[in-house]
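Examining the three-dimensional arrangement
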Amino acid sequence: MENQNPLEYCKKCALEITGNYCVGCGNAKELLRIDGRYIAKEISGVLNFDKGILYTIRELLIRPGAAVRSYMAEDRSRLVKPVIFIIISSLIYSVLRGFLHFEDGYFKYDESNFTTVTVIFKWLQNNYGYGNLIMGVFIAFWTKLLFKKYGYNFYEILILLCYVMGIGMIILAVFGIIQGLTDLKALDYGGVLFIVYSCWAIGRFFDKKRVANYFKALFSYLLGIITFAISVLLIGYLIDLVIK
Ligand SMILES: [Zn+2]
């Protein structure tokens, strides 16, 4: 008997494959080799705002609520992954801050005497990305509490905050550049815009028609920042108490 096609298996999940794509995981049977056309497509995808970091920033600036809801329920391939997004945008901000030497009030603390709290704040200042992630956990807790009836779980809200705070860091970066290049105290306005954007984006995510949502977002945000700061102080003092 002449041969039937030998069985083929998905390279990713090892399921038997019959068409060009795996029914289990959607992976293509054969990946095309990387060539010039592949690179050109990848670059034009980014520059055309089809996907990637520029697409992510644009969508989150124009329609944050719809963009994040779509990421959760429909398509996870177009926006940059949320945790990566907040780490990258925080990195962009801190690189610019180191380069242009602008002073900010982000994670700021009186450094006149040396305590564990000062050490923690110093660490946060040098690691904006992780600092934002940790602060995001606190804000997510309050957001979850205040927007309980919408039924989102804690992790979904954390994802929302990664995107929102990521854009916040981009806003700060832009105002930081202005402050670095001129003598204007631009970062103060940047900070205000950060908060305004966050409330607007969170409010729209849940229900853009309910005005109360924007105020609830502001409360969640402020409560998150306050409880975050209190926790840092408390942990710092406790450590000082133990080691002294
Ligand atoms: Zn597969």
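Bear in mind that the values here come from a model prediction, so they are computed numbers and not experimental data.

Description of the coordination of the zinc ion
With distances of 2.3 to 2.4 Å, the protein atoms coordinating the zinc ion are Cys10 (SG), Cys13 (SG), Cys22 (SG) and Cys25 (SG). Taken together, the four donor atoms coordinating the zinc ion span angles of 103 to 114° at the metal, a pattern that classifies the geometry as tetrahedral. Motif for the zinc ion, donor spacing along one chain: C-x2-C-x8-C-x2-C. Cysteine 22 sits in the buried class, given a relative accessible area of 4%. Given the relative accessible area of 33%, cysteine 25 is considered partly exposed.

Description of the packing of helix α2 (residues 52-62) against helix α3 (residues 64-73)
Orientation of α2 relative to α3, taken along the N-to-C sense of each, is 125°, at an axis distance of 5 Å. Judged by the inter-axis angle, α2 sits oblique to α3. Contacts between α2 and α3 involve Glu59, Leu60, Leu61 and Ile62 on the former and, on the latter, Pro64, Ala67 and Val68. Counted by class, the contact of α2 with α3 contains six nonpolar, no polar and one charged residues.

Some words on unusual backbone geometry
If you check the backbone angles, alanine 14 has positive phi at about 70° while not being a glycine. By secondary structure assignment, the location of alanine 14 is in the loop between β1 (8-9) and β2 (16-17).

Observations concerning the confidence of the model for the protein
Chain-level statistics for the protein give a pLDDT mean of 88 and a share of 98% at 70 or above. Predicted confidence in the protein is weakest over helix α5 (residues 116-126), with a mean pLDDT of 83, and strongest over α3, with 96. The ipTM value of the predicted complex is 0.94, and its pTM value is 0.84.

Digging into α5
Along α5, the residues that are buried comprise Thr116, Val117, Thr118, Phe121, Leu124 and Gln125. Where α5 is buried, its residues contact α4 (82-100), α6 (128-146) and α9 (211-243).

Side note on the packing of aromatic side chains
A complete count under the given rule lists 15 aromatic pairs for this structure. On the basis of an interplanar angle of 45° and a centroid distance of 6.2 Å, the ring pair of phenylalanine 147 and tyrosine 150 is categorised as tilted. Residue classification places phenylalanine 147 among the buried residues on the basis of a relative accessible area of 1%. We classify tyrosine 150 as partly exposed; its relative accessible area is 23%. For the pair tyrosine 150 and phenylalanine 206, a centre-to-centre distance of 5.2 Å together with 45° between the ring planes defines the contact as tilted.

Describing the pattern of salt bridges
Across all of its chains, the model carries four salt bridges by this definition. Residue lysine 11 pairs with glutamate 30 through a salt bridge whose shortest N-O separation is 3.3 Å. On the criterion of sequence distance, the pair formed by lysine 11 in the loop between β1 and β2 and glutamate 30 in the loop between β2 and α1 (36-47) is long-range, its members being 19 residues apart. Across this residue pair, the class does not change: lysine 11 and glutamate 30 are exposed. Residue glutamate 59 pairs with arginine 63 through a salt bridge whose shortest N-O separation is 2.5 Å. Exposure remark for glutamate 59: the relative accessible area of 6% places this residue in the buried category. Several salt bridges share partner residues, and in doing so they unite Arg58, Glu59 and Arg63 into one network.

Re a nonpolar patch on the surface
A surface patch of nonpolar side chains, amounting to about 650 Å² of accessible area, comprises Ile34, Tyr38, Ile39, Ile43, Leu47, Phe49 and Leu54. Sorting elements by how many residues they give to the nonpolar patch places α1 first, with four residues. For leucine 47, the position within the fold is in helix α1. Taking the relative accessible area as the measure of exposure, leucine 47 reaches 56% and is therefore exposed.

Each value, and the rule that gives it
Residues numbered from 1 in each chain as written. Predicted model: local features only at pLDDT ≥ 70, side-chain atom pairs only at ≥ 80, totals over all residues. Heavy atoms only, no water. Donors = N, O, S within 2.8 Å, 3.2 Å for Na, K, Ca; no water. Tetrahedral: all angles 85-135°; square planar, octahedral: opposite > 155°, others 65-115°. Buried < 20%, exposed > 50% of the residue type's maximum accessible area, 1.4 Å probe, protein only. Axes fitted to C-alpha atoms, helices over the stretch in contact; angles between N-to-C directions. Helix = DSSP H or I, 4+ residues; strand = E, 2+ residues; numbered from the N terminus. Parallel < 35°, antiparallel > 145°, perpendicular 65-115°, else oblique. Contact = heavy atoms within 4.5 Å. Nonpolar A, V, L, I, M, F, W, Y, C, P; charged D, E, K, R; others polar. pLDDT = per-residue confidence, 0-100. Phe/Tyr/Trp six-rings, centres within 6.5 Å; stacked < 30°, edge-to-face > 60°. Salt bridge = Lys/Arg side-chain N within 4 Å of Asp/Glu carboxyl O. Patch = residues over 30% accessible without salt bridge, like charges linked within 9 Å, V, L, I, M, F, W, Y side chains within 5 Å. Areas by Shrake-Rupley, 256 points an atom, 1.4 Å probe, with all protein chains shown as cover.

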